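Below, each chain spelled out in residue letters.
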Amino acid sequence: MTSRVTDPRRPFGRLLTAMVTPFRSDGSVDLDGAAQLAAHLVDEQGNDGLVISGTTGEAPTTSDAEKEALLRAVVEAVGDRASVVAGVGTNDTHHTVELTRAAEKAGAHGVLVVTPYYNKPPQPGLIAHFTAVADASALPLMLYDIPARAGTAIATETLVRLAEHERIVAVKDAKGDLTATSWVTSRSDLAFYSGDDAMTLPVLSVGGVGLVGTSTHLTGARAKRLILAHEAGDVAGALALHRELLPLFTGIFRTQGVILVKAALSLLGLPSGPVRPPMVNATDAEIDVLRADSAEAGIVLPESSPRADAGTSAW
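Residues numbered from 1 in each chain as written. Predicted model: local features only at pLDDT ≥ 70, side-chain atom pairs only at ≥ 80, totals over all residues. Heavy atoms only, no water.

Identification of the chain as 4-hydroxy-tetrahydrodipicolinate synthase from Rugosimonospora africana is taken from an unreviewed UniProt entry. On record in UniProt, under Subunit (unreviewed entry), the comment for the chain is "Homotetramer; dimer of dimers." Entered under Sequence similarities (unreviewed entry) in the UniProt record, the comment concerning the chain runs "Belongs to the DapA family." (UniProt positions renumbered as here; feature names shortened; annotations may be inferred.)

Next up, the structure:
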């Protein structure tokens, strides 16, 4: 068993998966399943870390108590050999600070903080928000820049300024603006992780260090090889892996990623369960396309699930 290793250049490792939250058929959180899935992602899929209660973890529909219980279960399962990062971002600074302090007490190794959504604060508001969260605990903080969901991008100058805080150490970059990413990586020590699976290689090419992925529930081992190949200067090898994985890097997002990831995990007999409303479970047609995308990426999904609890939520 390997121990969790920290590297200032890659504070959370090279590869992390934004883990789904397994639910039972009655809609309750499956803590045993979460521990099992976390161990699989670390031991079998090569993940250096896991993000718990991110968007893929259905954080908008889990309670604070469920988030804490889930985090504790995953830390207990893998915390000695992987970084466990708690998604604590909300559009309320006070609530985000409370979740950050709870995550620290539960044993998290870091926090992921998304740009406040819906209320769309101006850049000075973003600086105040992220600084307040970083000041609230001793945990290292990864910013989550995803304007397509949040409605507001973290400006280049704002990122550079936030990088001056000793605990703001990384960015999950889902902005899709490589020029902006290039400027920030050249003017700060922030560790950039691609927040879009298909953008991993391009982000690496402008100074990124890794990926916080979704399809990596299935592609983790090869995504890790892609990152290591690029890091070793094997650009051709990294490009070959990028092209090999592209059908699933993109296909997992034909609908919301959590929907198709849970469908795939269910077919593979791994803990997943249903999604919670307002999400809806994958249709038969969507699963057929997922199976084709997976096959093109070299992953064979069975025709049916061996798990008895892979049903429709009673919620």
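Chemist: Explain the pairing of strand 7 (residues 191–194) to me, please; I cannot follow it from the model alone.
Modeler: Across a regular strand the side chains alternate sides, sitting on one face of the sheet and then on the other. Of the two faces of strand 7, the one carrying Ala191 and Tyr193 and the one carrying Phe192 and Ser194 are both buried. Note that strand 6 (residues 168–173) and strand 7 share four bridges and pair parallel. When the bridges of strand 7 are listed, Val171 appears paired with Phe192. For the crossover from strand 6 across helix 7 (residues 178–187) to strand 7, the handedness is right-handed. Two strands pair when backbone bridges link them, and strand 7 and strand 8 (residues 210–213) are joined in this way by two bridges, in the parallel orientation. (Buried < 20%, exposed > 50% of the residue type's maximum accessible area, 1.4 Å probe, protein only. Helix = DSSP H or I, 4+ residues; strand = E, 2+ residues; numbered from the N terminus. Pairing = 2+ DSSP bridges. Right-handed = clockwise from strand over helix to strand, strands pointing away.)

Chemist: Whenever I open this one, the side chain of Asp293 confuses me. Can you help?
Modeler: By the secondary structure assignment, Asp293 is in helix 12 (residues 284–296). For Asp293, the side chain forms a polar contact with the side chain of Arg254, separated by 2.6 Å. Contact partners of Asp293, with chain neighbours within four places excluded, come to Pro247, Leu248, Gly251 and Arg254. (Polar contact = N/O pair within 3.5 Å; in protein donor to acceptor, adjacent residues only side chain to side chain. Contact = heavy atoms within 4.5 Å.)

Chemist: What is the right way to read the UniProt feature "binding site: pyruvate" (unreviewed entry) in the chain from this model?
Modeler: In the numbering used here, UniProt assigns the feature "binding site: pyruvate" (unreviewed entry) to Thr56 and Val212. In sequence the annotated residues extend across 157 residues, while in space they remain close, none of their C-alpha pairs exceeding 11.0 Å. As for the lining of the second largest pocket, the annotated residues named previously contribute Thr56 and Val212. On the basis of relative accessibility, which here comes to 11%, the residue Thr56 falls in the buried class. (1 Å grid on protein atoms, 1.4 Å probe; cavity = no way out; pocket = protein on both sides within 12 Å on 5 of 7 lines; lining within 4 Å.)

Chemist: Teacher, can you tell me more about the pattern of salt bridges here?
Modeler: Note on pairing: side chains with opposite charge can pair once their charged atoms come close. One pass over the full model with this rule turns up 18 salt bridges. Ionic pairing is found between Arg10 and Glu231, a salt bridge with its closest N-O pair at 3.3 Å. Of this pair, Arg10 sits in the segment before strand 1 (15–18) while Glu231 sits in helix 9 (residues 216–231); the two residues are 221 residues apart in sequence, bridging distant segments of the chain. A relative accessible area of 11% places Arg10 in the buried class. Of the charged contacts in the structure, one is a salt bridge between Asp145 and Lys175, with a shortest N-O distance of 2.9 Å. Placement of Asp145 in strand 5 (residues 141–145) and of Lys175 in the loop between strand 6 and helix 7 is noted, with a sequence separation of 30 residues between them. Judged by relative accessible area, Asp145 falls into the buried class, the value being 1%. Three or more residues are tied together by salt bridges with common partners; here these are Asp7, Arg9, Arg10, Arg14 and Glu231. (Salt bridge = Lys/Arg side-chain N within 4 Å of Asp/Glu carboxyl O.)

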